[in-house]
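# Descriptive analysis of the structure
Each chain is listed here by its residues.
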Amino acid sequence: MKASIRLAAALAGAGLAWSAQAADLKIGFISSMSGPVSALGIPYAKGIQAAAAIQPEIAGHKVQLILLDDASDPTTAARNARKLVTEDQVDVLIGTSGVPGAMAIAAVARETKTPLISPTPVNVPAGDGGWTVTVSQPFPLMVATVVERMKKSGVKTVAFIGFSDALGDLAYDSLVKAAQPAGIKIVANERYARSDASVAGQVLKIIATRPDAVFAGNSGSPGALPYLGLADRGYRGQLYGTHGLINADFVRVGGASVEGLMVPSGPVMVADQLAADNPVRKVALDFRDAYQKTHGAAPQDAFSAYTFDAWRVFADAAARALKTSKAEPGTPEFRAALKDAIAATKELPGTHGVFSFQPNNAYGLDKRSAVVIKLEKGQWKLVP
């Protein structure tokens, strides 16, 4: 609840109305403001705060944003989602910061028939009914973009190390799918828990395979651990990772050990280098401006932009649902209309790409959403 109070106070300072009476559209926002996934969760909160600051109303309806901290725990994330739906009667759920938590929320969204816009990659069952979408890029797309770079760099063998959870599984499965057709052999599959303090044993096994490159399937500041271990052992091969590593805390923790790391990214990280007619450029630069005005500093991560996009997807769909449906916000009928409107989203520019959803498909981004960036002296640079 402390996190909720902090965000509420910040938004009130931005001139927003927070009373329940004034807010006739409700967003239930769940993020990991504490715990091992907070390196993602805090930027998520800042991103949605920036979006709320520049668009506090949707089609004449004021918006109430309710934030709950899941403390990086999937069980708490599911409990928070249920509370937001049953007690607060939110119209949409947005969250959370890790794949396990997002999958837990998706189950609640499906059960309660409440739309979920996840800023985190999430796989949902075929029977989901379209209640969950994600504004993140599909992991297979992002990993394939990195594997293409590996191939161009002459990589023949790659070792994998990732989290021992759903995110690690998703990253590894995506690597397997992309590496084989690229002629790249995976020589190791090592795992570790987000809360582990050392991966010395896993790193020794990786180095023993003498891989041309190491790919890490992890995220946030705990994602720096394998790179620190590899540097300690003098590994000099190429380093790759996921888009889950693009945040200032990871760069700080990784230090010199992550110099030269290449990861996939949404174009928001290089918005000022995009062509003038690129539909992402304006939205991404608007995001940077809103973030700067709200927080007094420029964004240094990719995560805050995902929740900015989530707000845009909700706002666009809600405006259409309010126009075409007679149902009032806060009702099951409006939630159903909102779900259908989200699924009908077409060519909506965001910071990470252009969104077009299909019924029963959680992902709405295509190849326009992926570039490769490289860490050079603490700054992310576009790889041509």
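Here the focus is the overall build of the protein. Within the protein, the secondary structure is distributed over 12 helices and 15 strands. Here the C-alpha coordinates of the protein stretch approximately 65 × 45 × 40 Å along the principal axes. Within the protein, the fraction of its 384 residues that count as buried is 58%. In the protein, the proportion of contacts linking residues at least 24 apart, taken out of those at least 6 apart, comes to 69%. As displayed, the protein has an accessible area near 15200 Å², and 52% of this comes from carbon and sulfur atoms.

Turning next to the side chain of K339. By the secondary structure assignment, K339 is in helix α12 (residues 332-343). Judged by relative accessible area, K339 falls into the buried class, the value being 17%. With sequence-adjacent residues up to four places away left out, K339 is seen in contact with P115, G129, G130 and W131.

This part is about the pairing of strand β11 (residues 262-265). Of the two faces of β11, the one holding M262 and P264 and the one holding V263 and S265 are both buried throughout. Where β11 meets strand β14 (residues 371-376), four bridges bridge the pair, whose relative direction is antiparallel. If you follow V263 over to β14, its bridge partner there is I373.

What follows is about the side chain of Q137. Turning to its location among the elements, Q137 is positioned in the loop between β6 (132-134) and α5 (139-152). Using a relative accessible area of 0% as the deciding quantity, one classes Q137 as buried. At 2.6 Å, the side chain of Q137 forms a polar contact with the side chain of Y306. Residues within four places of Q137 in sequence aside, it is in contact with P121, M142, H243, S265, G266, Y306, H352, Y363, L365 and S369.

Here the focus is the packing of helix α2 (residues 38-54) against helix α10 (residues 279-295). Axis separation between α2 and α10 bottoms out at 9 Å; the angle between their running directions is 95°. Classified by the interaxial angle, the pair formed by α2 and α10 is roughly perpendicular. Facing α2, whose interface residues are K46, Q49, A50, A53 and I54, α10 presents A290, Y291, T294 and H295. When the residues that make up the contact of α2 with α10 are grouped by side-chain class, the tally is five nonpolar, three polar and one charged.

Enumeration over the complete set of coordinates arrives at 15 salt bridges. Residue R110 pairs with D128 through a salt bridge whose shortest N-O separation is 3.0 Å. A residue pair is termed long-range when its members are at least 10 positions apart, and R110 in helix α4 (residues 99-112) and D128 in the loop between β5 (116-118) and β6 qualify at 18 residues. Residue R110 is classed as partly exposed on the basis of its relative accessible area, which comes to 24%. According to the relative accessible area criterion, D128 is buried, its value standing at 4%. The partner of K293 in a salt bridge is D289, and the shortest N-O contact between them spans 3.2 Å. Highlighted residues: K293 and D289, both in helix α10, separated by four residues, approximately one helical turn. Using a relative accessible area of 66% as the deciding quantity, one classes K293 as exposed.

Rules used in this analysis
- Residues numbered from 1 in each chain as written.
- Predicted model: local features only at pLDDT ≥ 70, side-chain atom pairs only at ≥ 80, totals over all residues.
- Heavy atoms only, no water.
- Helix = DSSP H or I, 4+ residues; strand = E, 2+ residues; numbered from the N terminus.
- Buried < 20%, exposed > 50% of the residue type's maximum accessible area, 1.4 Å probe, protein only.
- Contact = heavy atoms within 4.5 Å.
- Areas by Shrake-Rupley, 256 points an atom, 1.4 Å probe, with all protein chains shown as cover.
- Pairing = 2+ DSSP bridges.
- Polar contact = N/O pair within 3.5 Å; in protein donor to acceptor, adjacent residues only side chain to side chain.
- Axes fitted to C-alpha atoms, helices over the stretch in contact; angles between N-to-C directions.
- Parallel < 35°, antiparallel > 145°, perpendicular 65-115°, else oblique.
- Nonpolar A, V, L, I, M, F, W, Y, C, P; charged D, E, K, R; others polar.
- Salt bridge = Lys/Arg side-chain N within 4 Å of Asp/Glu carboxyl O.

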